[in-house]
Structure formats: structure tokens, C-alpha cells
Amino acid sequence: MATGHRLTTLGLAVGLGLGPLIGLSCNDDSEGNVCTPGQLLACPCGDGSNGLQSCLQDGSAYGPCDCDDPTEGGTAPTGPATETGSSSGSDPTGDPCGNGIEDPGECAMGDPAYCPDDCAADDTTTDLGECVDEGPIYVTLVPPTPSRWESGALVGFAAGQQLCRDAALAAGAPDPGMVTVCTYLQMIQAELAGELAAVPMGTSAWVHRITAADVMGMPSAPGIGGRCADWTTLSNDLSDGEHAEFLGGGMIDYFLDDDTSYDGVDTSHTQPGLLECGMQMRSILCCNPSCPP
């Protein structure tokens, strides 16, 4: 069963490797550990895909990024990505891992089908074409909307993109056509930069997480089971909806899912009372696109 978990900003900065942004180490204990032995963290590969790195047994640092291709530091995409990040490519060997599509089990750590490349590939690439290294991360927000995102004929993540661009245009943003749905990592970075202090207290926002996170001391892979089936459903029995609550004064609570599995059938991966999709109205945060590290 999925379990929601409240995370504080400082803990998130540590878990995401953002300690240098706020001048804090990961742990203040006497042993000087910077991470929990065995803890996993998403990391960038040479080709722009995501790999995983594990905290060393002595807790002193994270090990090297584990990418599929030892010569290139990652697995090359197999086909052109769409706005939701799915790929039209296929694997001639028949192995679904690496085909750019999130197949059942590929975002569930411990599942034999676990494939972090495809789990990150489901929506990390968009049609933005460009990115920005400077300037603000956060742009604006879309007023509260149900867990099924809709804009004209668009549904899901693509609709969220359009809603953000419409909101950016209304807000007078310099390049509204470049604005995208904020990812969880962008939200953390924008919060640490003080950019989310202007978000009104009491705002509740959907969290679009496409990177691993520490939930209750365990790594939680991203997956559409934590994103209301990539924002296409109003039901509570098959997927959860990660979200953030703005408390004012720069404080934000994040409610994340430790089980983001989704196959469209199994109802055991949800906890409607805490991470509901249906019957909830939350804002969508919109950001300028960030360049890959």
C-alpha cells in the first residue's frame, strides 16, 4: 500500500544533493555521514538519461553514477520523445527496458522489471527545444484544477503544459511558450532560491515528480502511479497524487508516495485518504525549462 510522507525543505535539500545551495551538510552527527548507507539517488548520465548512485557503506559520500552504457555514461534514446516523454522507438531484442516507455513494473524498485531509464523517460523530455541557465526558475501557477488536466482537446501532462503557457502569457512572462510544468526538483530549487515565497499561504499544488526521492528512509522511484496516471484520471483506486502544501513564510510540506507503481488494474498501490487524485483541486506550478546538469 502506498504511504504518503511529509518532507521538510531542509531534508529535501539534503536528499536531492542540494546542500551546497544552502551551505549545509547532509548530516550534523558526530560521525560526519553525508548520506544513509545504501540510499539511492537519481543522477544524470552522459547522454542526458538518468542513472542511480548509491551511498557508500560508510556514509561518507555517494558512489559513481550507475549508467547502462559504461563507455557513454548512459543509454541512448531509442526514438523521438513526445511532449509527455514517451518514445516511438522499439528494442529489437524484445526487452522493454530502454524503449523510452514506462512499462508495468519499470518504476517499482525491487520489481524484476525495474528500469530507471524508462521510468525517467516517461516525461523528462518535452518539446521545449531550449533551456535557461540563468534567471528565475518559477514563473507562475495555474489556478486549482482537478487531477485530470484538460486544456481544449488536450488531456494529461500535455494539457498541463498548455495551461502553464496560458498562465505565463496572462502573467506577462517574457517567453510564455517556453514555460513548462514545474518538476519536483525544480520546486525544491525554486524554494531554496526564495522564489516560492510569493505563492499564497494555503495553496495546494500537484507535484510532478520524475526523479527518485527518499520517502520514510527508503528510495521511491518516480512513476505515473504517483502522478494520477500522468494527470489523466479522477479516480482514487489505481493511482495516487503527490502534492505540496504552502504554509506561508517560505515553508512547504511535500506529500510523496513510496509506491508509485501503476498498471491500470492493481488497486493495492494507493492510499486515497492521504494522496487522493479524485475530488481534489490543486494548482499547477509553472517553471522556465532548466538545462540538464
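Summary of the structure given here. (Residues numbered from 1 in each chain as written. Predicted model: local features only at pLDDT ≥ 70, side-chain atom pairs only at ≥ 80, totals over all residues. Heavy atoms only, no water.)

## Looking at the nonpolar core
Within the largest apolar cluster, 21 residues are counted, with the highest numbers of intra-cluster contacts made by Leu 196, Phe 246, Tyr 254 and Leu 285. Going through the elements one at a time, α5 (184-192), β9 (213-215), β11 (243-248), β12 (251-257) and β13 (282-287) are the ones with two or more residues in this core. In terms of residues, this core owes the most to one element, α5, which gives five residues. Once residues within four sequence positions are removed from consideration, Leu 285 is found in contact with Tyr 138, Thr 140, Leu 141, Cys 164, Thr 180, Val 181, Cys 182, Met 187, Leu 196, Ala 205 and Phe 246. If you look at the next biggest cluster of nonpolar residues, it comprises 17 residues, including Val 142, Ala 159, Ala 168 and Cys 228. (Core = buried A, V, L, I, M, F, W, Y, C linked by side-chain atoms within 4.5 Å. Buried < 20%, exposed > 50% of the residue type's maximum accessible area, 1.4 Å probe, protein only. Helix = DSSP H or I, 4+ residues; strand = E, 2+ residues; numbered from the N terminus. Contact = heavy atoms within 4.5 Å.)

## Remarks on the pattern of salt bridges
In total, this model carries four salt bridges according to the counting rule given. Residue Arg 148 pairs with Glu 150 through a salt bridge whose shortest N-O separation is 2.7 Å. In this structure Arg 148 comes out as partly exposed when scored by relative accessible area, which is 29%. (Salt bridge = Lys/Arg side-chain N within 4 Å of Asp/Glu carboxyl O.)

## Quick word on the packing of aromatic side chains
For the coordinates displayed, the defined rule picks out three aromatic pairs. Between Trp 149 and Trp 231 the ring centres are 4.5 Å apart and the planes differ by 5°, which places this aromatic pair in the stacked class. Highlighted residues: Trp 149 in the loop between β4 (138-145) and β5 (150-151) and Trp 231 in helix α6 (residues 228-231), separated in sequence by 82 residues. Considering the side-chain rings of Trp 206 and Trp 231, the 5.4 Å spacing of their centres and the 55° angle between planes classify their relative orientation as tilted. Of this pair, Trp 206 sits in strand β8 (residues 204-206) while Trp 231 sits in helix α6, and the two are 25 residues apart along the sequence. Aromatic ring contacts, followed pair by pair, group Trp 149, Trp 206 and Trp 231 into a single cluster. Over the aromatic face of Trp 206 sits the side chain of Arg 282, whose NZ or CZ is 5.0 Å from the ring centroid. (Phe/Tyr/Trp six-rings, centres within 6.5 Å; stacked < 30°, edge-to-face > 60°. Lys NZ or Arg CZ within 6 Å of the ring centre and 35° of its normal.)

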